[in-house]
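Summary of structural features
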Amino acid sequence: MRMIAPDLRGHGRSTWTPPWGIADQVDSLIGVLDAEADGPVVVVGHSYGGAIAMHLAARAPEKVRALILLDPATGLDPARMLEVADLTMRYPDYTDAAEARSEKVHGAWADVAPRVLDEEMAEHLVELENGRVGWRYSVPAVIASWGELARPAVLPPAILPTVLVQAMRVQPPYVTPGLRSALAERLGDNLTVLEMDVDHMVANARPGEVAALIEKLLGHDS
């Protein structure tokens, strides 16, 4: 099984140059698929990536074999997104690595194994010019991304096999009742809904279970 895990625009080692909107992220992903894939693929999207995955499936259905949506974030309350974006703007970095770790451990990464968090920090926590530390992303791009999460959900094609995983410890939930009902109405029997007793970082907390979902959609049950 071959996997491709591109960084989104404004994140990681992809370009940090705008534009950063969902349509632009989809443009970039189509470019990756054109270059790297021989046919339709199983697309796994987490959080904002889940929203982007649904947009990709709606825009280029011939490139998507199935969707796995891991606690996707879309159609969220605009007032809440404004609050989070404002906090990101005012508090974009950390005094040191210990402070960055503490935020993860007491937040969405609470149930992720320490070893996995260590690997994330080694790869993506960087020293900044101001002497503090921050994650390997463009702060303006992340702030723009919070705004994109307030957009109404764009649903995948009705015939597309889709697995929706909701992280049940996330409150208020990213997967809203409205999203669940809209997906159920659109997809019918093509939708599988799983509820996991985890926080938001589903793949990091339950890597084995997520890998099994991917294998099943690829037809390699194990």
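Everything discussed here concerns the structure shown above.
Attention here is on the structure that accompanies the text. (Residues numbered from 1 in each chain as written. Predicted model: local features only at pLDDT ≥ 70, side-chain atom pairs only at ≥ 80, totals over all residues. Heavy atoms only, no water.)

Attention now goes to the overall build of the protein chain. Scanning the protein chain for helices and strands turns up nine helices and six strands. At 17 Å, the protein chain has a C-alpha radius of gyration in line with the 17 Å of a compact globule built from 222 residues. Overall, the protein chain is about 50 × 35 × 35 Å in size when its C-alpha atoms are taken along their principal axes. Looking at the protein chain residue by residue over its 222 residues, the buried ones come to 41%. Across the protein chain, contacts joining residues at least 24 apart in sequence account for 73% of those joining residues at least 6 apart. (Helix = DSSP H or I, 4+ residues; strand = E, 2+ residues; numbered from the N terminus. Rg over C-alpha atoms; globule rule 2.2 N^0.38 Å. Buried < 20%, exposed > 50% of the residue type's maximum accessible area, 1.4 Å probe, protein only. Contact = heavy atoms within 4.5 Å.)

Cis geometry is found at the peptide bond from Pro18 to Pro19, where omega equals 10°. Tracing the backbone through its elements, the reader meets Pro19 in the segment before helix 1 (22-36). Of note, Ser47 is a non-glycine position whose phi angle comes to about 60°, a positive value. For Ser47, the location among the structural elements is in the loop between strand 1 (41-46) and helix 2 (48-59). One non-glycine residue, Asp71, adopts positive backbone phi at about 45°. By the secondary structure assignment, Asp71 is in the loop between strand 2 (64-70) and helix 3 (78-90).

Once that is clear, we can look at the pairing of strand 2. With respect to burial, strand 2 is a largely interior element, six of its seven residues being buried. Where strand 1 and strand 2 come together, six bridges link them in parallel fashion. Paired with Val41 across the strands is Val64, a residue of strand 2. One crossover worth recording links strand 1 to the parallel strand 2 by way of helix 2, and it is right-handed. (Pairing = 2+ DSSP bridges. Right-handed = clockwise from strand over helix to strand, strands pointing away.)

The next subject is the nonpolar core. Formed by 59 residues in total, the largest nonpolar core has its most connected members in Leu56, Leu67, Leu183 and Val202. Contacts of Leu56, omitting those with residues within four sequence positions, involve Val26, Ile30, Leu33, Val43, Pro61 and Val64. (Core = buried A, V, L, I, M, F, W, Y, C linked by side-chain atoms within 4.5 Å.)

With that settled, the discussion passes to the side chain of Asp93. With respect to the helices and strands, Asp93 occurs in the loop between helix 3 and helix 4 (97-105). Assessed through its relative accessible area of 15%, Asp93 is described here as buried. A polar contact is formed between the side chain of Asp93 and the side chain of Asn130, at a distance of 3.1 Å. Of the polar contacts made by the side chain of Asp93, one reaches the side chain of Arg132; its length is 2.7 Å. When neighbours within four sequence positions are excluded, Asp93 is seen to be in contact with Leu128, Asn130, Arg132 and Val133. (Polar contact = N/O pair within 3.5 Å; in protein donor to acceptor, adjacent residues only side chain to side chain.)

Right, let's get into the packing of aromatic side chains. Enumeration according to the criterion identifies zero aromatic pairs in this entry. Lys104 extends its terminal NZ or CZ atom over the ring of Trp135, reaching a point 4.7 Å from the ring centre. (Phe/Tyr/Trp six-rings, centres within 6.5 Å; stacked < 30°, edge-to-face > 60°. Lys NZ or Arg CZ within 6 Å of the ring centre and 35° of its normal.)

Attention now moves to the pattern of salt bridges. If you walk through the whole model with that rule in mind, you get 13 salt bridges. A salt bridge links Asp34 to Lys63, with the nearest nitrogen and oxygen atoms 2.6 Å apart. Of the two residues, Asp34 sits in helix 1 while Lys63 sits in the loop between helix 2 and strand 2, which places them 29 residues apart along the sequence. Ionic pairing is found between Glu195 and Arg180, a salt bridge with its closest N-O pair at 2.9 Å. A residue pair is termed long-range when its members are at least 10 positions apart, and Glu195 in strand 6 (residues 191-196) and Arg180 in helix 7 (residues 177-187) qualify at 15 residues. Taking the relative accessible area as the measure of exposure, Arg180 reaches 26% and is therefore partly exposed. Within this structure, Asp111, Arg169 and Asp197 form a network of salt bridges that share partners. (Salt bridge = Lys/Arg side-chain N within 4 Å of Asp/Glu carboxyl O.)

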